[in-house]
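Observations on the three-dimensional arrangement
Spelled out, the chains give:
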Amino acid sequence: MRYLISLFISACFLSPLQAQLTVSGTVFDISKINYVEHVRVISTGGELAVSDSLGHYAIAVNENDSLYFFYNNKPTQKFPVNTIPNTRQFDISLRIKVEGRYSMLKEVIVYSKSHKQDSLENRDEYADAFGYKKPGLSSSLSPGGVAGADLDELINIFRFKRNKRLKSFQHRLELQEQDKYVDYRFNKITVKRITGLTGSPLDSFMVWYRPSYDFTSNSGELIFNQYVLNAFYQFKKLVNISPAKKED
């Protein structure tokens, strides 16, 4: 009986030491630009994971395990888990070359406004409309220091057509801002890179699977790219798509 109790107590103290954690990241080729899929990620504890089309992987490990990556029958060195500085973003570059869908150009410097800059300038230009609030009673001080009702606000309360027009304009500006944000993330260059679509199929895909603003604003890059990829799989079932020609 004492032996069983001792064994139970030992198990209670040892179990936290064997607690599992997850290591995740992205596998790139030697260029550190192109994703590598179908890479097997193996832990010395016996767990296995495979990188997806975006090179992403996630594997459950113990602190005392080591990881190695296996591709084309060639393994990498082993990486002890307890030496990985950030287990949520353990990216690795393999010494292989994967053909991307696009050729690399020489360095080009492009000066352009960011989406955030455009949005701030737009809000500054239409500050009165974005800052519009329904008129209400408020007080003001006269030159003599006597408090009284704000006459302008009092008049504006009864300007029903003007208030309705400003409220409608404010709503329209907010919708335009949301549409621009969706355009910024759901653009043809990004969709083409993920799906390989071109021409009229790409145009149709952009219309059929345009995401909502709520989803776009609340999803990270990985989730957003996965949405595009899942939509593409569905799109292929509905449309007969011929293989895309390889670009020079």
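Right above here is the structure, for reference.
About the cut-offs
Residues numbered from 1 in each chain as written. Predicted model: local features only at pLDDT ≥ 70, side-chain atom pairs only at ≥ 80, totals over all residues. Heavy atoms only, no water. Helix = DSSP H or I, 4+ residues; strand = E, 2+ residues; numbered from the N terminus. Buried < 20%, exposed > 50% of the residue type's maximum accessible area, 1.4 Å probe, protein only. Contact = heavy atoms within 4.5 Å. Areas by Shrake-Rupley, 256 points an atom, 1.4 Å probe, with all protein chains shown as cover. Pairing = 2+ DSSP bridges. Salt bridge = Lys/Arg side-chain N within 4 Å of Asp/Glu carboxyl O. Core = buried A, V, L, I, M, F, W, Y, C linked by side-chain atoms within 4.5 Å.

**Some thoughts on the overall build of the protein**
Helix and strand counts for the protein come out as nine helices and 10 strands. Considering the protein as a whole, with its 248 residues, one finds that 27% of them fall into the buried category. Sequence-distant contacts in the protein: of pairs separated by 6 or more residues, those separated by 24 or more amount to 58%. For the protein, the computed accessible surface area is about 18,100 Å², with 55% contributed by carbon and sulfur atoms.

**Some words on unusual backbone geometry**
Even without a glycine there, the phi angle at Asn72 is positive, about 55°. Here Asn72 lies in the loop between strand S5 (66–71) and strand S6 (74–75).

**Points about the sheet that holds strand S4 (residues 56–62)**
Strand-to-strand pairing in sheets goes through backbone hydrogen bonds, with the strands running parallel or antiparallel. One open sheet holds the three strands; their spatial order is S4-S1-S8, and the pairing between them is mixed. Strands with a single pairing partner mark the edges of an open sheet, and in this sheet they are S4 and strand S8 (92–93). Note that strand S1 (residues 20–28) and S8 share two bridges and pair parallel. Residue pairing for S8: Val27 is matched across the bridge by Ile92.

**As for the pairing of S1**
Sheet analysis places S1 next to S4, joined by seven bridges and oriented antiparallel. Of the residues in S4, the one forming a bridge with Ser24 is Ala58.

**A word on the pattern of salt bridges**
In total, this model carries two salt bridges according to the counting rule given. In this structure, Asp183 engages Arg210 in a salt bridge whose closest nitrogen and oxygen atoms are separated by 2.7 Å. Of the two residues, Asp183 sits in helix H5 (residues 160–185) while Arg210 sits in the loop between helix H7 (199–208) and helix H8 (213–218), which places them 27 residues apart along the sequence. The salt bridge involving Asp203 is made with Lys188; its shortest N-O contact spans 2.5 Å. With Asp203 in helix H7 and Lys188 in helix H6 (residues 188–195), this residue pair connects regions lying 15 residues apart in the sequence. Lys188 gets classed as partly exposed once you look at its relative accessible area, which sits at 42%.

**Brief notes about the environment of Asn230**
By secondary structure assignment, the location of Asn230 is in helix H9 (residues 221–238). By relative accessible area, Asn230 is classed as partly exposed at 42%. For Asn230 and Thr195, which are 35 residues apart along the polypeptide, the C-alpha to C-alpha distance reads 9.8 Å.

**Looking at the nonpolar core**
Counting 17 residues, the largest nonpolar core has Val23, Val27, Tyr57, Ile59, Leu67 and Phe69 as the members making the most contacts within it. Elements with a contribution of two residues or more to this core: S1, S4 and S5. When residues of this core are assigned to their parent elements, the largest contribution, three residues, is made by S4. Every residue in contact with Val23, bar those within four places of it in the chain, is listed here: Tyr57, Ala58, Ile59, Val61, Leu67, Val81, Ile84, Thr87 and Phe90.

**Quick word on the pairing of strand S2 (residues 40–43)**
In this sheet, strand S3 (residues 48–50) lies alongside S2 in antiparallel orientation, the contact comprising three bridges. Paired with Ile42 across the two strands is Leu48, which belongs to S3. Joining the antiparallel neighbours S2 and S3 is a turn of four residues, in which Gly46 adopts a positive phi near 100°. Inspection of the sheet shows S2 paired to S5 by four bridges, in the antiparallel sense. Note that in S5 the partner of Val41 across the bridge is Phe69.

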